[in-house]
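# Descriptive structure summary
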Amino acid sequence: MDAWLVSYYLGAVVSLALCFGLGPLFYIPMILNIGVEVLLGSGLLQSMNLRMTFAIIGFLYALWACLIGNVFRSKYEAIIVFALIGFAFWYGIYPSLTEATHDWDRWVELTTRILRVWSVVIVGVIGLVFARTYINIVRKKGINDLIINPRKRFLIPMAVWATMIAMTWRWIPGIGEWVENNKFHLGAAALVWGWAVLEIKFFLQARYWRRKYGQQ
């Protein structure tokens, strides 16, 4: 097991422990995320065509971002999200799924493209939530609750993770090639450790109040 996986599994366990009290909307996808990583790390999926599998996994990640971001509360946001998903599917995911090939290297390339397209969708969904928050602040219809609201602070590491996968990083002088080659590892580590860092304060605060008032 390499250092990347050790870092990921450790961060995943810590973040799951800290976020478990937030409810199944938060911890069930986190458990599934860990399960997918374990399956990939096991080597059981080597030499398999995983395009459809990861097209479904990517969709579930995008749906999770939609549910946590609560984008369906507004019909306008829902229309934007459905249009984004439809465009991504028709012009990015569907062609990658239907391309006829029996070459494993090409399968990997197409699977990676599918994951990148879904990452773009996730970035778009989270960007919509951030834009909504900013507009509400400007119009004095709400507060900057990106950290206070557990739904919104959960989206911050997801935005970093999805952006890492969606973008090309070779343009960065010196380290661009290394970042590009390791962006899936970097994104995964940022996801789980980001959740842990953001949640630790609120976890300890809730524990303090439970102890202070004698709640077990």
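A few points on the structure.

## Here we look at the packing of aromatic side chains
- Applying the stated rule across the entire model yields 14 aromatic pairs.
- With centroids separated by 4.1 Å and ring planes inclined at 15°, the aromatic side chains of Phe20 and Tyr27 adopt a geometry described as stacked.
- According to the relative accessible area criterion, Phe20 is partly exposed, its value standing at 44%.
- Summarising the aromatic geometry, the rings of Phe87 and Tyr91 are spaced 4.8 Å apart at their centres and angled 40° between planes, so their arrangement reads as tilted. Note that Phe87 and Tyr91 are positioned in helix H4 (residues 75–98) at a spacing of four residues, about one turn of the helix. Each member of the pair, Phe87 as well as Tyr91, carries the same accessibility label: exposed.
- Three or more aromatic residues joined by ring pairs form one cluster here, namely Phe26, Trp64, Phe154 and Trp195.
- Above the ring of Phe202, the side-chain terminus of Arg153 is found at 3.8 Å from the ring centroid.

## Observations concerning H4
- Counted at 1.5 Å a residue, the expected span for H4 with its 24 residues is 34 Å, and the 32 Å between its end C-alpha atoms agrees.
- Within H4, the axis deviates most sharply at Phe89, by approximately 45°.
- Within H4 the residues assigned to the buried category are Glu77, Ala78, Val81, Ile85, Ala88, Gly92, Ile93 and Ser96.
- Close packing links the buried residues of H4 with helix H3 (51–69) and helix H5 (104–138).

## Here's the deal with the pattern of salt bridges
- On inspection of all chains with the given rule, the structure shows seven salt bridges.
- Arg132 is the salt-bridge partner of Glu77, the closest N and O atoms lying 2.8 Å from each other. Residue Glu77 is located in helix H4, and its partner Arg132 is located in helix H5; the two are separated by 55 residues in the primary sequence.
- Judged by its relative accessible area of 10%, Glu77 falls in the buried class.
- Looking at Arg132, the relative accessible area reads 10%, which means it is buried.
- Sharing partners across several salt bridges, the network here consists of Arg170, Glu177, Glu180 and Lys183.

## Points about unusual backbone geometry
- Its identity as a non-glycine residue notwithstanding, Asn70 has a phi of 55°, on the positive side.
- With respect to the helices and strands, the residue Asn70 is situated in the loop between H3 and H4.

## Topic: the environment of Phe89
- Summarising the element assignment, Phe89 is placed in helix H4.
- By relative accessible area, which is 34% here, Phe89 ends up partly exposed.
- On a C-alpha basis, the gap between Phe89 and Trp118 in space is 8.7 Å, while along the polypeptide they are 29 residues apart.
- When sequence neighbours within four positions are dropped, the list of residues in contact with Phe89 reads Tyr94 and Pro95.

## Side note on the nonpolar core
- Counting residues in each nonpolar core, the largest one holds 46 residues, and the members touching the most others are Trp64, Ile122, Phe154, Met158 and Trp195.
- Here this core gets ten residues from one element, more than from any other, and that element is H5.
- Those residues in contact with Trp64 that lie beyond four places of it in its chain are Leu25, Phe26, Pro29, Met30, Phe154, Met158 and Trp195.

## Quick word on the state of the cysteines
- By the definition in use, this model includes zero disulfides.
- A disulfide-free cysteine, Cys19 has its sulfur positioned 20 Å from the sulfur of Cys66, the nearest such atom.
- Note on Cys19: relative accessible area 0%, which makes it buried.

## A closer look at the packing of helix H2 (residues 24–42) against helix H6 (residues 150–166)
- H6 packs onto H2 with a crossing angle of 25° between their chain directions and a minimal axis gap of 11 Å. In terms of orientation, H2 lies roughly parallel with respect to H6. Here Leu25, Phe26 and Met30 of H2 lie close against H6, whose contacting residues are Pro150, Arg151 and Phe154.

What counts, and where the lines are drawn
Residues numbered from 1 in each chain as written. Predicted model: local features only at pLDDT ≥ 70, side-chain atom pairs only at ≥ 80, totals over all residues. Heavy atoms only, no water. Phe/Tyr/Trp six-rings, centres within 6.5 Å; stacked < 30°, edge-to-face > 60°. Buried < 20%, exposed > 50% of the residue type's maximum accessible area, 1.4 Å probe, protein only. Helix = DSSP H or I, 4+ residues; strand = E, 2+ residues; numbered from the N terminus. Lys NZ or Arg CZ within 6 Å of the ring centre and 35° of its normal. Expected span 1.5 Å × (residues − 1). Bend = angle between axes of the 7 residues up to and from the residue. Contact = heavy atoms within 4.5 Å. Salt bridge = Lys/Arg side-chain N within 4 Å of Asp/Glu carboxyl O. Core = buried A, V, L, I, M, F, W, Y, C linked by side-chain atoms within 4.5 Å. Disulfide = S-S within 2.5 Å. Axes fitted to C-alpha atoms, helices over the stretch in contact; angles between N-to-C directions. Parallel < 35°, antiparallel > 145°, perpendicular 65-115°, else oblique.

So yeah, pure geometry; function would need other evidence.
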